[in-house]
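Summary of structural features
Listed below are the residues making up each chain.
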Amino acid sequence: EASFEDISVVLTGFGGLVSDGTNLRVPSEDGNVYPIDASTGQLGTGTVLVGGNYGIGGSPKHIVAMQGTTDYWGHCGCGGLQEIVRYQAGGATAVDIIDTETDLSKDVGVREAVYDGSHLWIYGYNSQEAKPLILQVDSNAEPDTLVSSFAFDENLVGLTFHEGKMLGLAEFPLGYKLLQIDPATGKAL
């Protein structure tokens, strides 16, 4: 069993843990994203994200998903913004920008996202409807296309797919719970 106790870089305060299908990846304050071998816990060589220029106008500070093995989805981590940005490691410009309000007609402040191999799933809070929403987006299409959306009753702090199932991590008064989510009904199973 691998131990990740000694990660030798300073992770960002908004650092997400993502997977490229082979390795886990974490963003660091030095402007790089580092692979971690999931079987050994070994930290690999970092890859610069847009010159390490984190925040608005640069690469996303809060990495939330990977699309393929080189593209990262993230946002600024500044709260309530409707944009999620896709960057290729080492690239100087955004590959794609989705503004949930302008592009998808859904006012969602982006918090989390996951790419399932064919669609980007975006989770965030809709202030107009005063509830969390999950959006299924065809991020390969241009313009990006909303496939489906549903309200979800719990506030999530993480979203992923594992063995074909959508899972969310929700915080409750007595701790965190891992929830399996049915995208067809928008309910926790």
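Scoring rules and cut-offs
Residues numbered from 1 in each chain as written. Predicted model: local features only at pLDDT ≥ 70, side-chain atom pairs only at ≥ 80, totals over all residues. Heavy atoms only, no water. Salt bridge = Lys/Arg side-chain N within 4 Å of Asp/Glu carboxyl O. Helix = DSSP H or I, 4+ residues; strand = E, 2+ residues; numbered from the N terminus. Buried < 20%, exposed > 50% of the residue type's maximum accessible area, 1.4 Å probe, protein only. Phe/Tyr/Trp six-rings, centres within 6.5 Å; stacked < 30°, edge-to-face > 60°. Lys NZ or Arg CZ within 6 Å of the ring centre and 35° of its normal. Pairing = 2+ DSSP bridges. Axes fitted to C-alpha atoms, helices over the stretch in contact; angles between N-to-C directions. Core = buried A, V, L, I, M, F, W, Y, C linked by side-chain atoms within 4.5 Å. Contact = heavy atoms within 4.5 Å. 1 Å grid on protein atoms, 1.4 Å probe; cavity = no way out; pocket = protein on both sides within 12 Å on 5 of 7 lines; lining within 4 Å. Points joined across faces, edges and corners; volume = space filled by probe spheres on them. Nonpolar A, V, L, I, M, F, W, Y, C, P; charged D, E, K, R; others polar.

Here we take up the pattern of salt bridges. Side chains that differ in sign of charge can pair as their charged atoms come close. Within the structure shown, the criterion is met by one salt bridge. Residue R86 pairs with D71 through a salt bridge whose shortest N-O separation is 2.8 Å. Of this pair, R86 sits in strand β7 (residues 83-88) while D71 sits in strand β6 (residues 71-75), and the two are 15 residues apart along the sequence. An identical accessibility class is assigned to R86 and D71; each is buried.

Evaluated as defined, the whole model comprises one aromatic pair. Between the aromatic rings of W121 and F161, the centroid separation amounts to 5.8 Å while the plane-to-plane angle is 50 degrees, which identifies the pairing as tilted. With W121 in strand β10 (residues 120-126) and F161 in strand β13 (residues 156-162), this residue pair connects regions lying 40 residues apart in the sequence. Given the relative accessible area of 4%, W121 is considered buried. The lysine or arginine in question, K177, covers the ring of F172, its NZ or CZ lying 5.0 Å from the ring centre.

What follows deals with the sheet that holds strand β9 (residues 109-115). By definition, the strands of a sheet pair up through backbone hydrogen bonds, in either a parallel or an antiparallel sense. Here four strands make up an open sheet; going across it, the order is β9-β10-β11-β12 and the pairing antiparallel. The two strands at the open ends of the sheet, each matched to only one other strand, are β9 and β12 (145-151). For this sheet the average axis-to-axis angle between neighbouring strands, irrespective of direction, equals 25 degrees. Looking at chain direction, β10 and strand β11 (residues 131-138) are connected through seven bridges and run antiparallel. Paired with G124 across the strands is L133, a residue of β11.

In this structure, W73, I84, I98, A113, L120, I122 and L135 are the most contacted members of the largest nonpolar core, which totals 15 residues. Elements with a minimum of two residues in this core: β5 (62-67), β9, β10 and β11. Beyond its immediate chain neighbours, meaning those up to four positions away, L120 contacts A65, W73, I84, I98, A113, V114, Y115, L135, Q136, V137 and S139. Counting residues in each nonpolar core, the second largest holds twelve residues, with F150, F152, L159 and I181 among its members.

Between E142 and the following residue, P143, the backbone shows a cis peptide bond with an omega angle of 5 degrees. Looking at where P143 falls in the secondary structure, it is placed in the loop between β11 and β12. In this model, S105 sits at a positive phi of 60 degrees, which is unusual for a non-glycine residue. Secondary-structure assignment places S105 in the loop between α1 (100-104) and β9. According to the relative accessible area criterion, S105 is exposed, its value standing at 63%.

Size it by volume and the largest pocket reaches roughly 580 Å³. As for the largest pocket, its lining consists of 27 residues, of which L17, V18, S19, L159 and T160 are closest to the centre. With six residues, β5 is the single largest residue contributor to the lining of the largest pocket. Residues belonging to the lining of the largest pocket are distributed by class as follows: 16 nonpolar, nine polar and two charged.

Turning our eyes to something else, we now look at the environment of M166. The topology assignment puts M166 in strand β14 (residues 165-172). For the pair M166 and D182, spaced 16 residues apart in the sequence, the C-alpha separation amounts to 7.0 Å.

Turning next to the pairing of β14. Across six bridges, the pairing between β13 and β14 is antiparallel. Among the inter-strand pairings, H162 is bridged to a residue of β14, identified as K165. The hairpin turn running from β13 into β14, its antiparallel successor, is two residues long, and E163 in that turn takes a positive phi close to 50 degrees. Of the strand pairs in this sheet, β14 and strand β15 (residues 175-182) are connected by seven bridges, and their pairing is antiparallel.

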